[in-house]
Amino acid sequence: MGLTYNTYLNSTKIFGCKNCKTHLADFDEIVSRNFRGQHGKAFLFNTVVNIKQADAMERNMTTGRHVVRDIICKQCNETVGWKYDKAYEQTEKYKEGKYILESELLCTVT
Ligand SMILES: [Zn+2]
């Protein structure tokens, strides 16, 4: 990819990295607020920007077996959540290709 620049979201309500305030996601991209991460409340997003993706790994979660990868803030290398690569349970398939951001690791940028 070479040199990359941060993406700036143009929205009235934006989630940013708590550590460095880099824009991560638009409020309008939230699919569900009913998730729990390692630090408590977490949100499921359609798209997230300014992140790097770690290697995929299998993880057993309360909702079954998934292939996930950690997502890391491009700016400060802080882990901010994870991405669902694959869900094995039919009922969990809607999560594939979507992202989890942990509420505790976010700040609101307006
Ligand atoms: Zn950051």
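Keep in mind that this is a model prediction, so the values were computed, not measured. (Residues numbered from 1 in each chain as written. Predicted model: local features only at pLDDT ≥ 70, side-chain atom pairs only at ≥ 80, totals over all residues. Heavy atoms only, no water.)

J.: Sorry, what's going on with the overall build of the protein here?
T.: Looking only at helices and strands, the protein features zero helices and ten strands. Taken against the 2.2 N^0.38 rule, which gives 13 Å for 110 residues, the C-alpha radius of gyration of the protein at 13 Å falls within 12% of a compact globule. Dimensions of the protein, computed from C-alpha atoms along their principal axes, come out at roughly 35 × 30 × 20 Å. Looking at the protein residue by residue over its 110 residues, the buried ones come to 43%. Sequence separation of 24 or more characterises 46% of the internal contacts of the protein that already satisfy a separation of 6 or more. Taken as a whole, the protein presents about 6,500 Å² of accessible surface, with 44% of it coming from carbon and sulfur. With 16 positive and 13 negative side-chain charges, the protein shows a separation of 2 Å between the mean positions of the two kinds. (Helix = DSSP H or I, 4+ residues; strand = E, 2+ residues; numbered from the N terminus. Rg over C-alpha atoms; globule rule 2.2 N^0.38 Å. Buried < 20%, exposed > 50% of the residue type's maximum accessible area, 1.4 Å probe, protein only. Contact = heavy atoms within 4.5 Å. Areas by Shrake-Rupley, 256 points an atom, 1.4 Å probe, with all protein chains shown as cover. Lys, Arg positive; Asp, Glu negative; His and termini not counted. Charge placed at Lys NZ, Arg CZ, Asp CG, Glu CD.)

J.: Looking at this model, I keep getting lost on the pattern of salt bridges. Mind explaining?
T.: Working definition: two side chains of opposite charge can pair if their charged atoms are close together. If you walk through the whole model with that rule in mind, you get six salt bridges. For the salt bridge of glutamate 104 with lysine 18, the shortest nitrogen-to-oxygen distance reads 3.6 Å. With glutamate 104 in the loop between strand S9 (99-102) and strand S10 (106-109) and lysine 18 in the loop between strand S1 (14-17) and strand S2 (23-26), this residue pair connects regions lying 86 residues apart in the sequence. Across the pair arginine 59 and aspartate 70 runs a salt bridge whose closest N-O atoms are separated by 3.2 Å. With a gap of eleven residues between them, arginine 59 in strand S6 (residues 57-61) and aspartate 70 in strand S7 (residues 64-73) connect regions that are remote in the sequence. (Salt bridge = Lys/Arg side-chain N within 4 Å of Asp/Glu carboxyl O.)

J.: Looking at this structure, I do not really get the nonpolar core. What am I missing?
T.: In a soluble, globular protein the nonpolar side chains are often hidden away together inside. Counting residues in each nonpolar core, the largest one holds 16 residues, and the members touching the most others are Phe15, Leu24, Phe45, Val48, Ile51, Val80 and Leu101. Listing elements by their share of this core, those giving two or more residues are S1, S2, strand S4 (40-45), S7 and S9. With near-sequence residues (within four places) excluded, leucine 24 lies in contact with Leu9, Phe15, Gly16, Cys17, Val48, Val49, Asn50, Ile51, Val80, Leu101 and Leu106. Judged by nonpolar contacts, the second largest core, of seven residues, contains Phe35, Val68, Tyr84 and Ile100. (Core = buried A, V, L, I, M, F, W, Y, C linked by side-chain atoms within 4.5 Å.)

J.: For this particular structure, what's the right way to read the sheet that holds S10?
T.: Think of a sheet as strands paired side by side through backbone hydrogen bonds, with each pair either parallel or antiparallel. The sheet built from three strands is open, its strands ordered S2-S1-S10 with antiparallel pairing. A strand with exactly one partner marks an edge of an open sheet, and here the two such strands are S2 and S10. Strand-to-strand twist across the sheet, computed as the mean angle between neighbouring axes with direction ignored, equals 35°. Both S1 and S10 contribute to a ladder of four bridges, which runs antiparallel. Residue pairing across strands places glycine 16 opposite cysteine 107, the latter belonging to S10. (Pairing = 2+ DSSP bridges. Axes fitted to C-alpha atoms, helices over the stretch in contact; angles between N-to-C directions.)

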